[in-house]
Amino acid sequence: MGIIKASKLGFDYFKYNEEGEEPESYRAIDDVTLDIQAGQFIAVLGHNGSGKSTLAKHLNGLLVPSEGTLWVDNMDTSDEEDIWKIRQRAGMVFQNPDNQIIGTVVEEDVGFGPENMGVSTEDIWKRVDDSLEAVGMVAYRHHSPNKLSGGQKQRVAIAGVMAMHPKCIILDEPTAMLDPNGRKEVLKAVRTLNEQENVTVILITHYMEEVVLADHVFVMDQGHVVMQGTPREIFSQVEKLQSLRLDVPQVTLLAHELKLAGVDIPEGILTTEELVNVLCQ
Amino acid sequence: MIRDITLGQYYPADSVLHRLDPRVKFIGTMIYIISLFVFKSWGYVLGTVFLAGVIVISKVPFRFMVKGLKAIMFLLFITMFFNAIFTPGEVLFHIWIIKVTKEGLILAGRMGIRLVFLIMGSSVMTLTTTPNQLTDALESLLKPLNKIHVPVHEISMMMSIALRFIPILLEETDKIMKAQIARGADFETGNLIKKVKNMVPLLVPLFISAFRRANDLALAMEARCYHGGEGRTQMKPLRYTGRDYAAYGILAAYLALTIAIRVFLHW
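Residues numbered from 1 in each chain as written. Chains lettered and ligands numbered in written order. Predicted model: local features only at pLDDT ≥ 70, side-chain atom pairs only at ≥ 80, totals over all residues. Heavy atoms only, no water.

(A) View of the side chain of D244 of chain B. All names here are of chain B. Looking at the secondary structure, you find D244 in helix α11 (residues 242-265). We note that D244 is buried and unpaired, the nearest opposite charge coming from R243 at a distance of 5.3 Å. Reaching out from D244, the side chain makes a polar contact with the backbone nitrogen of D21 at a distance of 2.8 Å. (Helix = DSSP H or I, 4+ residues; strand = E, 2+ residues; numbered from the N terminus. Buried < 20%, exposed > 50% of the residue type's maximum accessible area, 1.4 Å probe, protein only. Lys, Arg positive; Asp, Glu negative; His and termini not counted. Salt bridge = Lys/Arg side-chain N within 4 Å of Asp/Glu carboxyl O. Polar contact = N/O pair within 3.5 Å; in protein donor to acceptor, adjacent residues only side chain to side chain.)

(B) Broad picture of the interface of chain A and chain B. With 39 residues of chain A in contact, the opposing surface of chain B contributes 31 residues. Of the charged contacts, one joins R224 of chain B and D109 of chain A as a salt bridge, the two residues approaching to 3.6 Å between their closest N and O atoms. Run the count over chain A and chain B and you get 19 residue pairs in polar contact (both at pLDDT 80 or more). Among the elements of the structure, α2 (83-89), α3 (106-110), α4 (112-117) and α5 (121-134) of chain A are those that each provide at least two residues to the side of chain A that touches chain B. Ranked by residue count, the leading element in the side of chain A that touches chain B is α4 of chain A, at six residues. (Contact = heavy atoms within 4.5 Å.)

(C) Representation of the pattern of salt bridges within the structure. For the structure on display, the rule yields 23 salt bridges over all chains. Of the charged contacts in the structure, one is a salt bridge between D73 of chain A and R89 of chain A, with a shortest N-O distance of 2.9 Å. Of this pair, D73 of chain A sits in the loop between β4 (67-72) and β5 (75-76) while R89 of chain A sits in helix α2, and the two are 16 residues apart along the sequence. For K153 of chain A, the salt bridge goes to D98 of chain A, with nearest N and O atoms at 2.9 Å. Of the two residues, K153 of chain A is situated in helix α6 (residues 150-162) and D98 of chain A in the loop between β6 (90-93) and α3; the sequence distance between them amounts to 55 residues. Three or more residues are tied together by salt bridges with common partners; here these are E107, E108, D129 and R141 of chain A together with K236 of chain B.

(D) Structural view of the layout of surface pockets. One number sums up the size of the largest pocket: a volume of about 860 Å³. Surrounding the largest pocket, 36 residues form its lining, E115 of chain A together with D136, Q234, K236 and P237 of chain B being those nearest its centre. Those elements giving two or more residues to the lining of the largest pocket turn out to be α3 and α4 of chain A together with α1 (16-19), α7 (131-142), α8 (152-182) and α11 of chain B. Split into classes, the residues belonging to the lining of the largest pocket amount to nine nonpolar, 14 polar and 13 charged. Both domain 1 (9-129 + 239-265) and domain 2 (153-223) of chain B contribute no fewer than three residues apiece to the lining of the largest pocket. (1 Å grid on protein atoms, 1.4 Å probe; cavity = no way out; pocket = protein on both sides within 12 Å on 5 of 7 lines; lining within 4 Å. Points joined across faces, edges and corners; volume = space filled by probe spheres on them. Nonpolar A, V, L, I, M, F, W, Y, C, P; charged D, E, K, R; others polar. Domains from an automatic or database assignment.)

(E) The arrangement of a nonpolar patch on the surface in detail. Residue and element names in this part refer to chain B. A grouping of W42, V45, V49, I259, V263, F264, L265 and W267 is seen on the molecular surface, where their side chains present a nonpolar patch of about 860 Å² in accessible area. At the level of elements, α3 (43-58) and α11 are the ones that each hand at least two residues to the nonpolar patch. With four residues, the top contributor of residues to the nonpolar patch is α11. With respect to the helices and strands, I259 occurs in helix α11. (Patch = residues over 30% accessible without salt bridge, like charges linked within 9 Å, V, L, I, M, F, W, Y side chains within 5 Å. Areas by Shrake-Rupley, 256 points an atom, 1.4 Å probe, with all protein chains shown as cover.)

(F) Highlighting the nonpolar core. Residue and element names in this part refer to chain A. With 48 residues, the main nonpolar core has I158, I169, L171, V217, V219 and F235 as its most contacted residues. Setting aside residues no more than four positions away along its own chain, V219 makes contact with L45, H224, V225, V226, M227, I234, L244 and L246. In terms of nonpolar packing, the next biggest core, distinct from the first, is built from 32 residues, L34, L70, V72 and C168 among them. (Core = buried A, V, L, I, M, F, W, Y, C linked by side-chain atoms within 4.5 Å.)

(G) Examining the packing of α8 of chain B against helix α10 (residues 200-223) of chain B more closely. Residue and element names in this part refer to chain B. With their axes 10 Å apart at the nearest point, α8 and α10 run at an angle of 140° to one another. It follows from the interaxial angle that α8 and α10 lie oblique. Here the hand of the crossing between α8 and α10 comes out right-handed. Counted together, M157, I161, F165, I168, L169, E172, T173, I176, M177 and Q180 of α8 and P201, L202, P205, L206, S209, A210, R213, L217 and M221 of α10 form the full contact between these two elements. A per-class count over the contact of α8 with α10 returns 14 nonpolar, three polar and two charged. (Axes fitted to C-alpha atoms, helices over the stretch in contact; angles between N-to-C directions. Parallel < 35°, antiparallel > 145°, perpendicular 65-115°, else oblique. Left-handed = near helix turned anticlockwise from the far one by under 90°.)

(H) Geometry of the sheet that holds strand β9 (residues 216-221) of chain A. All names here are of chain A. If you walk across this open sheet you meet the six strands as β6-β7-β8-β3-β9-β10, and the pairing is mixed. Each of the sheet's edge strands pairs with one partner strand only, and the pair in question is β6 and β10 (224-229). When the angles between neighbouring strand axes are averaged without regard to direction, this sheet yields 20°. Across four bridges, β6 lies against strand β7 (residues 168-172) in parallel orientation. Residue pairing across strands places G91 opposite I169, the latter belonging to β7. (Pairing = 2+ DSSP bridges.)

(I) A look at the pairing of β9 of chain A. Residue and element names in this part refer to chain A. β9 sits mainly inside the fold: five of its six residues count as buried. Here strand β3 (residues 41-45) runs beside β9; their pairing, made up of four bridges, is parallel. Its bridge partner lying in β9, V44 is registered against F218. Of the pairings in the sheet, the one linking β9 to β10 comprises five bridges and is antiparallel in character. Looking at β10, one finds that V219 is bridged to M227. Counting the residues in the hairpin turn of β9 and β10 gives two residues, including Q222, whose phi is positive at 45°.

And the structure:
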């Protein structure tokens, strides 16, 4: 069994009207079944309101499913006794870099998680050193987070999660508020963690370019998982993605249009080099 | 620009005072303030010497100490003025119906010295201690209150979060203000009531965004296993070193001397 396993997950949001009677319920995720193996790089795609953020909040127990069960590292998230263990195993990075940094100095923020877990002081320092090293932010350890760029703040947030020694890290649109450079920085840090520290990564995003490197992709729409497979399998279905209001990477789209125009190339081209190679043969 | 504001008035320098445990500095300030109220006359020489010594050790330029006085200038003058004219005693001179007495002048002088030294003494603490260290010191000193169910850890956590978010909210205020000005809002003209009314389009979005941030931050803290002060360890626990014990010794000696001067010499 994988590190994260969901079976027939469902979740309802309740909307209360002004009189406070009869809440309206709204199904945010419905019948989601997943099985994620340790060490994988997973991407979850979907446009706004597809339920991807709701799913992310389930993965570390911030929300508890209304239906179905979710296991993180063999622990049921609806079991309140295990909740802190689950949150330690599955760390979470949020979208807004400003609203998730608690410390007034970078190194203190990274130490926040371990402090909460009751780790001894010496061990906290070691963890802080290691995690700052892993995301390449050692030089900024004594800085105030307010003076960092968005990408740097997100790297600090990732270091803060890494210091808790999670098995799995969930990133909920970590690059949505960043400029292209910041986006590259953050993705590089995430990829390094996945490859070198062997942390399972679940990246939730609506940028197609970020998905290309994933091992496995889930596409969500209206609370359902509508497509899944390797990036190549997903991106060879350009029409279906477009019907879900998702953009495909430009190269893939170009290759698709060329194919429609009669050029003999395969579907699911992901990178520029690949397209160049295919065209030059 | 608004990003660069410093909170509190910490002046970074490398001095013994900067490296002292914040708890020592806090208690030291308390002792100094008490001593100011114990002295009656010549004892202030000791107070002056002590303050001067501390200022020299702190390596903070003197003008920073005086800065804090500007805010209380008005209060200082009023206090001194009323003390001088309303104290009964030996009349020195008359101006119209105002009588200035010898006792009044002495009392005014004493009040003035007390206020000035009090502000300067506490400035020494705030100039050499970061707001964060102060919060830590308060948490540690107030810990006994935990027994009567005062949420000491939670209070200090709120204080440090407030410190972290003040610059962010200031920046946001600036942004909203510019956005509203761009759409024709007027924050400058009109009388006070009109000005206050004009603040509404600034305050409403600011409050909404502050609540949203609070919600996000609470989620992020929970996601990082925050569950109150129970079972929590510290990355930078406050630990007394030899230096701090020495400082406590000096403070005790100062307090003893203060009391001795008052009791035996009646200064």
